[in-house]
Amino acid sequence: MNNELTPEAARNALVSAAAVSEKMRARARWASTKLAIFGIGIGLVAATVGLVESKAVGAAVFAGWIALVVGMTIWERGRLAHLAGTRQRINPYWIGSFACYGVALAVGTGELSGVPMYWIPASVIVALPMLIGALRERRA
């Protein structure tokens, strides 16, 4: 029995491997969706915290954030395909958004509380690291 591949069989094997690889990469791009959803979410939380003075609305926003985290965690557990190094690539975006959120809160509480000229750009800046990460991860 001869175990050597013919050129045509080798070519077919390579085409098949490339198709399977692309299908796997497409299924593994869920991390970009996760980053985009959380980026929008944290931006909305920042805007609401800064602009809305109602304690009830603030509590509802944080309850919504917790629901988003729980829902996305459940959704993520259903994603079986993972690209190598995804966690290492996306962690800096998470850190960046939460660092910007902390700075926005530190600067914006007090005199700037409720000032749209501060909180709207601040909420965009808070969301930006995760949204940039979502775009970059989509290309990974």
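Residues numbered from 1 in each chain as written. Predicted model: local features only at pLDDT ≥ 70, side-chain atom pairs only at ≥ 80, totals over all residues. Heavy atoms only, no water.

1. A few points about the packing of aromatic side chains
Selection rule: Each Phe, Tyr or Trp ring (for Trp, its six-membered ring) is paired with any other whose centre lies within 6.5 Å, and the angle between the two planes then decides the class: stacked below 30 degrees, edge-to-face above 60, tilted in between.
Under the definition given, this model contains five aromatic pairs. Site record: aromatic cluster; members linked through ring pairs are Phe38, Trp65, Trp94 and Phe98.

2. Topic: the side chain of Lys34
Applied cut-off: Under the scheme used here, helices are H or I runs from DSSP no shorter than 4 residues and strands are E runs no shorter than 2 residues, and both carry numbers assigned from the N terminus. Contact criterion: two residues are considered in contact whenever any of their non-hydrogen atoms come within 4.5 Å of each other.
With respect to the secondary-structure elements, Lys34 resides in helix H2 (residues 30-51). Setting aside anything within four residues of it in sequence, one finds Lys34 in contact with Met72, Trp75, Glu76 and Trp94.

3. Brief notes about helix H5 (residues 116-139)
For clarity, the cut-off: The span expected for a helix works out to 1.5 Å for each residue beyond the first. Here the bend at a residue is taken as the angle between two axes, fitted respectively to the seven residues that end there and the seven that start there. Burial classification: accessible surface area is computed with a 1.4 Å probe over protein chains only, and a residue below 20% of its type maximum counts as buried, one above 50% as exposed, and the rest as partly exposed.
Taking 1.5 Å of rise per residue, 24 residues should cover 34 Å, and H5 covers 34 Å from first to last C-alpha, within 8% of that figure. The principal kink in H5, of about 40°, is found at Leu128, preceding the proline Pro129 by one to four residues. Along H5, the positions that sit buried rather than exposed are Tyr118, Trp119, Ala122, Ser123, Val126, Ala127, Pro129, Met130, Gly133, Ala134 and Glu137.

4. Quick look at the nonpolar core
Put simply, the rule reads: We call a set of buried residues a nonpolar core when its members are Ala, Val, Leu, Ile, Met, Phe, Trp, Tyr or Cys and they connect through side-chain atoms within 4.5 Å of each other.
By size, the foremost hydrophobic cluster in this structure holds 19 residues, and its most contacted members are Leu35, Phe38, Trp94, Tyr101, Ala104 and Val126. Elements with a contribution of two residues or more to this core: H2, helix H3 (55-77), helix H4 (86-108) and H5. When residues of this core are assigned to their parent elements, the largest contribution, six residues, is made by H5. Beyond its immediate sequence surroundings of up to four residues, Ala104 is in contact with Thr109, Tyr118, Trp119, Ala122 and Val126.

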